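# Commentary on secondary and tertiary structure
The lines below spell out each chain.
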Amino acid sequence: MASTQNLSLPAETLANDDRYEMLVQLSPDALYLLQDGKLVYVNNAGVRLLKAQSVEELLGMPMADMLHPDYLAKSEARVAKMLSTWKQAPSIEQKYMQRDGTAIDVEVRSAPFMYLGKPAIQVLARDITARKAAEQALHLSEERHRQAALEATRAKDSLHHEKIILEMIALDEPLKDILREVCLGIEWIVGQICCSISLLDAGGNHIQVVAAPSLPEAYVKVMNGMAIGPQAACSGAAIFLNQPIITSDIASDPRWEEFRGDALAHGLRACWSVPIRAASGAVLGALDAYFYEPQAPGREELNFVSNITHLVGVAIQKDRVERSLQESEERYRSVVNCLAEGIMVQSRDGTIVACNPSAERILRLPSGSVIGNKLLGVRRMFTEDGNEISQEDLPSRVALRRGEAILNLTMGVETAEGATVWVSQNVLPIRQAGEQEVSSVLISFTDVTAVKEAQQRLKFLATHDTLTGLPNRAFLVERLGHALSLAQRQNHRIALMFLDLDRFKHVNDTIGHEAGDQLLQTVTSRLSACIRETDTLARLGGDEFVVLAEGFDDPEYLTSLAERILSAISEPFRLRGYEYYLGVSIGISVHPDDGDDGMTLLRCADSAMYAAKESGRNNYQFYTQEMNARSQRRYHLEKNLRHALSTGQFVVHYQPKINLQDGKIVGAEGLLRWNHPDLGLVSPEDFIPIAEETGLIVPIGRWVLEQACRQAATWRRDFAPDLRISVNLSPRQFQDDQLVEVIGDLIRETGLPAHALELEITESLLIGDTDKLKPMFDALTALGVVFSLDDFGTGYSSLSYLQRFPISNLKIDRSFINGIPSNRDSVALTQTIIAMANALTLTVTAEGVEDEQQMRFLQEAGCCEMQGNYYSKPVAAEDFARLLAAGR
Ligand SMILES: Nc1nc2c(ncn2[C@@H]2O[C@@H]3COP(=O)(O)O[C@H]4[C@@H](O)[C@H](n5cnc6c(=O)[nH]c(N)nc65)O[C@@H]4COP(=O)(O)O[C@H]3[C@H]2O)c(=O)[nH]1
């Protein structure tokens, strides 16, 4: 290559020297002469360089056309400088424009030069495109290496960062710390940026900044709560649109209108926001990267941030899953804790691994003492039959062993304090996922103690008498069955004693049921004290008791037991300040002598008891064949009595009452007769007690009253205008609330004057519930009805009743009249009663007068009235009418 000095040839030489011309033309470098800013000479290489067709195409072309516009100004200055200094300019690199418009790199050397007498510039230009390309390639390769190195470092750093984040996630570090670490990591790796992470709030419309370790607090405050939307700034739009939002210059981006001032005030110039997504793709939040200079991210940087957001998404989701797990666990725990049902989980080795408060409460276990321990607070468990359940047979062990559920099992649990709790439980085996073997059991149970106790109580009630607590008939029958089969196997005797209290009904009707109940309880304890442990005492109802005696070797045992009972009951009973005397009639039947089955033995003992009653009460009788007929009869009577009234089997007979002064009939006592189609006339002494026991006495008694009133009204009209009619009223009839009303109606209906109706009552009635009785007496007295006290002298003979109740007549019991005149006691008693009645201005009727002697005695004693077979037995109405008609 020619030196610049060589370029300074005189122009004349160039033009006139052919050798030089040839040399110039052969030069590989382009040569251009510029004069007055235009090309005036070009060599061949110059034509090629500019890709012209010919020299002529170039000659006269202004310098501006061959130069790249970027270089024109500098070139013009350079030309001007060369011309003014006339010095060669240093070599420079320029860009020429080829004729086809392509720019090429050239190295240019220029020098001033006189051409054809005028200053010109000689330019030597060499195409350096290849060199430039090589240099560019080298530069690019260096840049790539630098970039690669940078990226390698960043990749290494980001890998390390990701590892840290993953470790934090794995170690369940708080989400807040993880997100802060994410931000700090990005800031360190990228450099010169600040990061923040925002999450979509629960409402789904606003962001919540959850990590921004390097951003100014004031700025975070402003951004927190920003509404999301397509036009929102940074994360607001990234979350809404679910795509990265790049703001390369906050100063000019319209998204930032609202927050621009705040961002710029803190020196924040650019912001990239990348959405954070869940695995499902749903947006959870966004990561914002802020820069202090306006800039757009490269692909690499965006990728790096996007990758991190995946991890952030995982961390957030894991946190949410854990939180929701925790919440659901909490929910389940609170549900289980609130259940009234006891819940326990027991592991294979028997340790309780879970237990709710109800389980502790039901099993009476101290709170918090159960979990982690074996079930120590439970002494033993037993089946419904009361059999203890062995450790191996406990439902939890069985469920573990068999791997099957046990449902609705009721069992008893004895607590540490010895109390029994009944539970109904389900035991369910629990297996770990994918495991065959049962790892633990879930025991759920409810406290059924109250139900169980109610059941036991029901069973007790079904087999026991509530008043006395003694076994009842059902229990006795069952027990008797067992005793009989045992006795038959072992060839033993057993005996039944049927006990019926004497006079109890009397006392019960008079002292009221409450006191009667008390009496029965006292009787029970006295009887219980008489028997042995092997004997069974049962109450059949009312005042009937039965003793089942088993395992006695000596037949004398029965007589001694019966005597013990008689003496125990004969002791007086103290009730409400009074002493009452009862007796007991005992009938005894023995297996195998009297029967092989329970019913027969009971029937025999019952018959024997009636025999005892009939033979004067307060004694005992062993069953004999003859007794059977009597008991059959009583059973028969009871059955028939129910239909006797409706089938017209009753009839009223009348016995006259005679005035002892003039011997005239002054009254009649109506006495009921039962004309049984098979048995004939049945005595009231046989059926009235049955009617009283069964309550049938109420309708029967009404019927008698009606008959008697109607009859008396007729007789008064036809024969004796002053005739009185007496009717017996049993105490049971006074329990009928309608009694007063019934009598009132009868008087009205029959037209009988009330004072002509005399109600015969017994003393036992008057010592009853006086609060209830008194108003009835008063009401009846108000009607005009009069009262006569029957059987006087046999009972209490209490003066106070006579004063308290409106009694106008006393009837001396026939047992006293019977003793007149031989029995001194009877005589004295009769005289005393008459004297007392006179003193109280009561009339006296002597009943059961059978002979003249008795009549005379009564006349002399001042008795005003008599009744008895001596004058007339009770007779049918028509016969009585005849007596009246005869004027006797
Ligand atoms: N040995 C003997 N007995 C005589 C003599 N005079 C009368 N009697 C009997 O003595 C009983 C008198 O009746 P009571 O003391 O009221 O005793 C009555 C009464 O307590 C009850 N009774 C009868 N009819 C009724 C009735 O309609 N209602 C109620 N509640 N009880 C009745 O049955 C009891 C027995 O009645 P009856 O068998 O009719 O027996 C009657 C009568 O036949 C006599 O000189 N010697």
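Residues numbered from 1 in each chain as written. Predicted model: local features only at pLDDT ≥ 70, side-chain atom pairs only at ≥ 80, totals over all residues. Heavy atoms only, no water.

Filter applied, for reference: UniProt positions are given in the numbering used here, feature names are shortened, and annotations may be inferred rather than shown by experiment.
Going by an unreviewed UniProt entry, the protein chain carries the name PAS domain S-box-containing protein/diguanylate cyclase (GGDEF)-like protein and comes from Paucimonas lemoignei. UniProt, in the comment section headed Catalytic activity (unreviewed entry), describes the protein chain in these words: "3',3'-c-di-GMP + H2O = 5'-phosphoguanylyl(3'->5')guanosine + H(+)".

## What to know about the pattern of salt bridges
Let me state the cut-off plainly: Only one rule defines a salt bridge in this text: a Lys or Arg side-chain nitrogen within 4 Å of an Asp or Glu carboxyl oxygen. The helix and strand labels rest on DSSP assignments: H or I over at least four residues marks a helix, E over at least two residues marks a strand, and numbering proceeds from the N terminus. To sort residues, take the accessible area from a 1.4 Å probe on protein chains only and compare it with the maximum for the residue type: under 20% means buried, over 50% means exposed, and anything in between is partly exposed.
Summed over all chains, the structure comprises 45 salt bridges. One salt bridge in this structure joins Glu 760 and Lys 657, with 2.9 Å as the shortest N-O distance. Taken together, the residues Glu 760 in strand 28 (residues 757-762) and Lys 657 in strand 24 (residues 650-659) connect sequence positions 103 residues apart. A single burial state applies to Glu 760 and to Lys 657, both of which are buried. The salt bridge involving Arg 724 is made with Glu 758; its shortest N-O contact spans 3.8 Å. Here Arg 724 is found in strand 27 (residues 724-728), whereas its partner Glu 758 is found in strand 28, with 34 residues between them in sequence. With respect to burial, Arg 724 and Glu 758 carry one shared label: buried. Because the salt bridges share partners, they merge into one network encompassing Lys 657, Glu 669, Arg 724, Glu 758, Glu 760, Lys 811, Glu 847 and Glu 865.

## What to know about the site of the ligand
Test applied: Here a residue counts as near a molecule or strand whenever at least one of its heavy atoms sits within 4 Å of it. Two N or O atoms count as a polar contact when they lie within 3.5 Å, although within protein this holds only if one can serve as hydrogen donor and the other as acceptor, and sequence-adjacent residues are included solely when both atoms are side-chain atoms. Only the protein chains shown count as covering a residue, and every accessible area follows the Shrake-Rupley method with a 1.4 Å probe. Here the term charged refers only to Asp, Glu, Lys and Arg, the term nonpolar to Ala, Val, Leu, Ile, Met, Phe, Trp, Tyr, Cys and Pro, and the term polar to all other amino acids, Gly among them.
If you check the shell around the ligand, you find 21 residues, and the closest are Arg 673, Asn 728, Arg 814, Glu 850 and Asn 869. At a separation of 3.0 Å, an oxygen atom of the ligand approaches a polar side-chain atom of Asp 790. Considering the ligand on its own, with 780 Å² of exposed area, one finds that the protein chains cover 84% of that surface. The set of elements that each furnish at least two residues to the shell around the ligand consists of strand 25 (665-676), helix 22 (684-694) and strand 29 (786-792). Per-element tally for the shell around the ligand: the top contributor is strand 25, with 4 residues. Here the residues of the shell around the ligand are counted per class, giving 7 nonpolar, 6 polar and 8 charged.

## Section: the sheet that holds strand 6 (residues 193-200)
Our working definition: At least two DSSP bridges between two strands are required for those strands to pair. Orientation is described by lines fitted to C-alpha atoms, with helices fitted over the stretch in contact, and by angles between N-to-C directions that extend from 0 to 180 degrees. We call two residues in contact whenever any of their non-hydrogen atoms come within 4.5 Å of each other.
Read across the open sheet, the 5 strands follow the order 7-6-10-9-8; overall the sheet is antiparallel. The strands lining the two open edges of the sheet, one partner per strand, are strand 7 (207-211) and strand 8 (245-247). For this sheet, the mean inter-axis angle between neighbouring strands, taken without regard to orientation, is 25 degrees. Two strands pair when backbone bridges link them, and strand 6 and strand 7 are joined in this way by 4 bridges, in the antiparallel orientation. Following the sheet pairing, Ser 198 is matched in strand 7 by Val 209. The strands touched by helix 8 (residues 175-190) are strand 6, strand 7 and strand 10 (283-291); relative to strand 6, the strand with the most contacts, the crossing angle is about 150 degrees. Packed onto the sheet, helix 12 (residues 299-338) meets strand 6, strand 8, strand 9 (270-277) and strand 10 and runs at close to 40 degrees relative to strand 9.

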